[in-house]
Amino acid sequence: MRAEHRNTPTGLREPATAGTATAVAHPNIALIKYWGKRDERLVLPRTDSLSMTLDIFPTTTRVRLAPDREHDAVTLDGVPLRGEARRRVTAFLDLVRQRAGLARRAVVDTENTVPTGAGLASSASGFAALAVAAAAAYGLGLDAAALSRLARRGSGSASRSVFGGFALWHAGPDTGTDEEADLGSYAEPVPVGELDPALVIAVVHAGPKAVSSREAMRRTVDTSPLYEPWAVSSKDDLADMRVALHRGDLDAVGEIAERNALGMHATMLAARPAVRYLAPATLTVLDSVLQLRRDGVAAYATMDAGPNVKVLCRRGDADRVAGALRGAVPDGQVLVAGPGPGARLLCGERR
Ligand code: DP6
């Protein structure tokens, strides 16, 4: 991986002074998926997962303590948040307040450059930025692993966006107290060999999804006969993936990522009722990925809780892959991402 991408969050060990803090975080795309929780309240996953943080679509979140307010004020791109989305943010702030021993409400303003709720990991960058900003504003003084655990409570995949490059989120021990389970479930950077990857993203539909990933994974775990076999095989996929990353073997990384993602979608298709995020345009893109491979280009697809396709390839092949995907979905949008940085505080705004 290219050296300029920091994979450790920066600015996290400054003296903790309650006040105002702004943080930036990037989305991540899982190559070994997180799909299924064993504890909804603590957001503990059934399986380990592994992702690449992107260098596009940053989320910037500013948290300002507001002692005179009775309620939190939360905006997304200048618009007040309502309903479930607002509830998730205030529940997260309650957790931070409880840890800080402070009752003060906050004003939270977020700017997202990623389409929200479209399976492009907006909750990952969103809760990673919120965790880093809120922890600083409330003076928690957390290290990177503790920030990852905290971000996890907002959205599981956010635990990985605390780190840049490649990150592995440990499911943690299945036995013991809640506290032990919480402590054991965090992400950390994964060392990789010589790899210069790109993810070419085909946005075939950028609107919000019909079924939230939270609801979809709950239904899959509860009703899909394919869930347990996938969870078991995902362990093997992770072990193979770590070896492939260590060797810098992009073809192996891509093959493992593609089989893991297709398996995850198979578990959803077998849920009752079925959850189907894949659209006709998704399959058109998957066909073009197969054609690229037949033409000798190393290109491998992964899809999340939405119809959009992310294609892993060598950075040197990214333009060719992007061209093929544009041809496959002329009405879609195609973007090229590389490995991006970990979440960080913006300086100069601490009190
Ligand atoms: C398909 O992290 O959004 O993108 O923990 O319920 O907030 P919650 O779910 P979320 O799920 C992401 C699922 C996925 C796969 C992945 O990122 O590993």
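Residues numbered from 1 in each chain as written. Predicted model: local features only at pLDDT ≥ 70, side-chain atom pairs only at ≥ 80, totals over all residues. Heavy atoms only, no water.

## Here's the deal with the domain arrangement of the protein
Reasoning step 1: Partitioning the protein into domains gives domain 1 (20–193) and domain 2 (197–337).
Reasoning step 2: With 34 residues of domain 1 in contact, the opposing surface of domain 2 contributes 47 residues.
Reasoning step 3: For the pair domain 1 and domain 2, the two sides together bury roughly 3,400 Å², of which 67% comes from carbon and sulfur.
Reasoning step 4: On the domain 1 side of the interface with domain 2, the three residues burying the most area are Leu 31, Lys 33 and Trp 35, jointly 26% of the side's total.
Reasoning step 5: Inspection of the domain 1/domain 2 interface yields 3 salt bridges.
Reasoning step 6: Among the ionic pairs, Glu 40 bridges to Arg 218, the shortest N-O distance being 3.0 Å.
Reasoning step 7: At the boundary of domain 1 and domain 2, one finds 9 residue pairs in polar contact (both at pLDDT 80 or more).
Reasoning step 8: When contributions to the side of domain 1 that touches domain 2 are tallied by element, the ones reaching two or more residues are strand S2 (28–32), strand S5 (49–53) and strand S10 (166–169).
Reasoning step 9: The element contributing the most residues to the side of domain 1 that touches domain 2 is S2, with 4 residues.
Reasoning step 10: Partitioning the side of domain 1 that touches domain 2 into residue classes produces 19 nonpolar, 8 polar and 7 charged. (Domains from an automatic or database assignment. Contact = heavy atoms within 4.5 Å. Buried area = accessible area lost by both parts, 1.4 Å probe. Salt bridge = Lys/Arg side-chain N within 4 Å of Asp/Glu carboxyl O. Polar contact = N/O pair within 3.5 Å; in protein donor to acceptor, adjacent residues only side chain to side chain. Helix = DSSP H or I, 4+ residues; strand = E, 2+ residues; numbered from the N terminus. Nonpolar A, V, L, I, M, F, W, Y, C, P; charged D, E, K, R; others polar.)

## What to know about helix H2 (residues 122–137)
Reasoning step 1: Here H2 spans 22 Å end to end across 16 residues, near enough to the 22 Å set by a 1.5 Å rise per residue.
Reasoning step 2: The element H2 is largely enclosed, with a buried count of 15 among its 16 residues.
Reasoning step 3: Just past H2, the residue Gly 139 takes up positive phi, approximately 70 degrees. (Expected span 1.5 Å × (residues − 1). Buried < 20%, exposed > 50% of the residue type's maximum accessible area, 1.4 Å probe, protein only.)

## Regarding the site of the ligand
Reasoning step 1: Not every one of the 17 residues close to the ligand is listed here, only the nearest: Tyr 34, Lys 37, Ser 155, Gly 156 and Ser 157.
Reasoning step 2: The contact in question runs from an oxygen atom of the ligand to an N or O atom on the side chain of Lys 37, over 2.6 Å.
Reasoning step 3: Between the ligand and Arg 214 there is a distance of 2.7 Å, counted from an oxygen atom to a side-chain nitrogen or oxygen.
Reasoning step 4: When the free accessible area of the ligand is taken as 460 Å², the share hidden by the protein chains comes to 93%.
Reasoning step 5: At 3 residues, helix H6 (residues 213–223) tops the list of elements feeding residues into the shell around the ligand.
Reasoning step 6: Looking at the shell around the ligand, its residues break down into 6 nonpolar, 5 polar and 6 charged.
Reasoning step 7: Residues from two domains meet in the shell around the ligand; each of domain 1 (20–193) and domain 2 (197–337) gives at least three. (Near = heavy atom within 4 Å. Areas by Shrake-Rupley, 256 points an atom, 1.4 Å probe, with all protein chains shown as cover.)

## Comments concerning the sheet that holds strand S12 (residues 197–203)
Reasoning step 1: Strand order in the open sheet formed by 4 strands is S13-S14-S12-S15, with antiparallel pairing between adjacent strands. Where the open sheet ends on each side, the last strands, each with one partner, are strand S13 (299–303) and strand S15 (333–337). Each strand of the sheet is rotated relative to its neighbour by a mean of 25 degrees, with strand direction disregarded.
Reasoning step 2: Two strands pair when backbone bridges link them, and S12 and S15 are joined in this way by 5 bridges, in the antiparallel orientation. Paired with Ala 202 across the strands is Val 334, a residue of S15.
Reasoning step 3: Sheet strands touched by helix H10 (residues 318–328): S12, S13, strand S14 (309–314) and S15. Its angle to S12, the strand with the most contacts, is close to 15 degrees. (Pairing = 2+ DSSP bridges. Axes fitted to C-alpha atoms, helices over the stretch in contact; angles between N-to-C directions.)

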